[in-house]
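A look at the structure
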Amino acid sequence: MAGLGKFLVRRALTFIPTLIGVTLIVFIIAYVIPANPVRAWAGGEKASQAAIEMIKKEYHLDQPWYDQYLFLVKGLFTNSLLDPLNQEPVFTNIGNRFIVTFQLALFAFFFVVLIGLPLGIISALKRNSATDMVLRIIALIFISTPIYVIAYLFIWLFFIHWNATTLAGIPPNPPHQITHVPVVDDILTLNWSNLVQQVKRFWLPGFTLGIAAAGVLMRFTRNSFLEAYSRDSTLFLKAKGVPKSRLYRHVLKNALVPVITILALQFGGLLAGTPITETVFNLPGIGRYALQAIMYLDFPALIGVTFLYAIVFVTANLVADILYAIIDPRVRF
C-alpha cells in the first residue's frame, strides 16, 4: 500500500503543471489571433468607444499578456470570471450545462461497453474467419467516418424513417434528485415515465457519440484477448485438458486488465468529445457552449471549457493509472 500511495502522489503532482500548460497554450493562441474580441463583446461595429474601453479595463485587456492570464486563472478558481456575452460567471454557465454533457457521456459509455466488449471477444474467438473480417471492417468504418456524417445518417434512419426517438427539448428533471443526473435519479426513485423520456431523448446522440469509441474498444479487446490466449499460462492450461469454458474465463480475466484502463480514458474522451454531437442533436451541453464561444470570440468561456476538459482528461488518466496499479502492482515503481 505504501508503494501505491507514492505512485498516486507522483501522478497527482502532474495535475498542476498539466492544467497550467493547457490553459496557457489556449490563452496564447487566443492572444495572438488577429481579431478584436472586445468590439464583438461590446455589440459589434456599432459599439461605442466608451463601451470598448470599459470592457478592456474590466478584463485587463489593456494590461500585459501575463497580467491578463493571471486575471483569467484567478477568475476561474474564484468563479468571478464573467462571460462577456451574458455577464454570468463562466463556471456557472458550465455547471448549468455539465449535467447534459455528463448524461450524454453516460449513454455513450453504455453503448461503448455493450457493443465493444462482446464484439471484440467474438472477433477474437472467430479469428481470421468471415465473422472476424466483417466485424473488423464495420469497426474500421465507424472509426474512420466523421461523426457528423454518422449523426445525420442515424437521424434520417431512426427519427425520420422509423420515428424511434425524439429530438426536441430536454425532459424535465425528476422531482426527487439524489445524484442530480436525471437518468440515474429516475432509476433510483423508480420514476419510469420520466426515465422513458430521458432514454428517448438521449439514446440516439449517445449511440452516435459512442459508436466510434465502441469500434476502438472492439479492436483493442480483440487484440488483448488474442495476446492473453497466446501466453504460456494459457498453453499450459490447454495441455492439461482444461475445459474450454474455464480456459476462456482465464483468458478473459487477463485480457480485461488493459481494457479496464482504456475504458477510464474513453469515458474522459466521451465527456470532452461532445461538441459536434450536441450541436447536431441540439443539446445544450458544454460542447455546444464551447463551439459558441469560438464563434463569438468568447475567450473567457473558451478558457473555462478548456480548463474543465483538462481536468477531465487528467482525472481520467489518474483513474486509469490507479486501476492499472491496483491490477498490476509492477507499474507502481
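Here the structure is a predicted model, which means the values were calculated and not measured. (Residues numbered from 1 in each chain as written. Predicted model: local features only at pLDDT ≥ 70, side-chain atom pairs only at ≥ 80, totals over all residues. Heavy atoms only, no water.)

Let us look at the confidence of the model for the protein. Counting all residues, the mean pLDDT for the protein is 88, and 97% of those residues have values of 70 or more. Mean pLDDT per element in the protein: helix H1 (residues 2-12) is the minimum at 71, and helix H6 (residues 90-125) is the maximum at 95. (pLDDT = per-residue confidence, 0-100. Helix = DSSP H or I, 4+ residues; strand = E, 2+ residues; numbered from the N terminus.)

Looking now at the nonpolar core. Judged by nonpolar contacts, the single largest core of 64 residues is most densely connected at Ile94, Trp203, Leu270, Phe281 and Val305. When near neighbours in sequence (up to four residues on either side) are disregarded, Leu270 contacts Ala105, Ala108, Phe109, Val112, Leu209, Gly210 and Ala213. With six residues, the next largest nonpolar core counts Phe225, Leu226, Val251 and Ala255 among its residues. (Core = buried A, V, L, I, M, F, W, Y, C linked by side-chain atoms within 4.5 Å. Buried < 20%, exposed > 50% of the residue type's maximum accessible area, 1.4 Å probe, protein only. Contact = heavy atoms within 4.5 Å.)

Close contact between helix H5 (residues 65-78) and helix H15 (residues 299-327) brings their axes to 11 Å; oriented N to C, the two are set at 60°. Classified by the angle their axes make, H5 and H15 are oblique. Crossing of H5 over H15 shows right-handed handedness. Within the contact between the two elements, H5 uses Leu72, Leu76 and Phe77 and H15 uses Pro300, Ile303, Gly304 and Phe307. Looking at side-chain class alone, the contact of H5 with H15 contains six nonpolar, one polar and no charged residues. (Axes fitted to C-alpha atoms, helices over the stretch in contact; angles between N-to-C directions. Parallel < 35°, antiparallel > 145°, perpendicular 65-115°, else oblique. Left-handed = near helix turned anticlockwise from the far one by under 90°. Nonpolar A, V, L, I, M, F, W, Y, C, P; charged D, E, K, R; others polar.)

Attention now moves to the side chain of Asn191. By the element assignment, Asn191 lies in the loop between helix H9 (182-188) and helix H10 (192-229). Taking the relative accessible area as the measure of exposure, Asn191 reaches 17% and is therefore buried. A polar contact is formed between the side chain of Asn191 and the side chain of Ser193, at a distance of 3.3 Å. For Asn191, the side chain forms a polar contact with the main-chain nitrogen of Asn194, separated by 3.4 Å. What Asn191 contacts, discounting residues up to four positions off in sequence, is Pro174, Pro175 and Asp186. (Polar contact = N/O pair within 3.5 Å; in protein donor to acceptor, adjacent residues only side chain to side chain.)

Once that is clear, we can look at the packing of aromatic side chains. In this description, a pair of aromatic rings is defined by centroid distance and the angle of the planes. Counting across every chain of the model gives 19 aromatic pairs. Taking the centre distance of 5.7 Å and the plane angle of 75° together, the rings of Phe154 and Phe158 count as edge-to-face. Of the two residues, Phe154 and Phe158 are both situated in helix H8 (residues 147-161); the distance of four residues between them amounts to about one turn of the helix. An angle of 20° between the planes, with centres 5.2 Å apart, marks the rings of Phe154 and Phe207 as stacked. Note that Phe154 is positioned in helix H8 and Phe207 in helix H10, a separation of 53 residues in sequence. Its relative accessible area of 15% is what places Phe207 among the buried residues. An aromatic cluster of at least three residues, connected via ring pairs, comprises Phe110, Phe111, Phe154, Phe158, Trp162, Trp203 and Phe207. (Phe/Tyr/Trp six-rings, centres within 6.5 Å; stacked < 30°, edge-to-face > 60°.)

Right, let's talk about a nonpolar patch on the surface for a bit. Together, Ile28, Tyr31, Val32, Trp65 and Tyr66 make up a nonpolar patch on the protein surface, roughly 530 Å² of accessible area in all. For the nonpolar patch, the elements supplying multiple residues, two or more each, are helix H2 (15-32) and H5. Examining the composition of the nonpolar patch, we find that three residues originate from one element, H2, more than from any other. Here Trp65 shows up in helix H5. Overall, the relative accessible area of 40% leaves Trp65 in the partly exposed class. (Patch = residues over 30% accessible without salt bridge, like charges linked within 9 Å, V, L, I, M, F, W, Y side chains within 5 Å. Areas by Shrake-Rupley, 256 points an atom, 1.4 Å probe, with all protein chains shown as cover. Salt bridge = Lys/Arg side-chain N within 4 Å of Asp/Glu carboxyl O.)

Moving on, we come to the environment of Asp62. With respect to the element layout, Asp62 can be found in the loop between helix H4 (49-58) and H5. With a relative accessible area of 47%, Asp62 lands in the partly exposed category. Spatially, the C-alpha atoms of Asp62 and Trp156 are 50 Å apart, while their sequence positions differ by 94 residues. Once you skip the residues sitting within four places of it in the chain, Asp62 turns out to touch Lys56 and Lys57.

With that out of the way, let us pick up unusual backbone geometry. Despite not being glycine, His180 shows a phi value in the positive range, around 70°. As for its placement among the helices and strands, His180 is situated in the loop between H8 and H9. The phi angle at Leu190 is positive, at roughly 60°, despite the residue not being glycine. One can find Leu190 in the loop between H9 and H10. With relative accessibility at 54%, the residue Leu190 sits in the exposed group.

Oppositely charged side chains may form a pair once their charged atoms are brought near each other. Under the defined criterion, the tally for this structure stands at three salt bridges. For Arg231, the salt bridge goes to Glu227, with nearest N and O atoms at 3.2 Å. A relative accessible area of 32% means that Arg231 is categorised as partly exposed. Salt bridges sharing partners connect three or more residues here, namely Asp132, Arg136 and Arg222.

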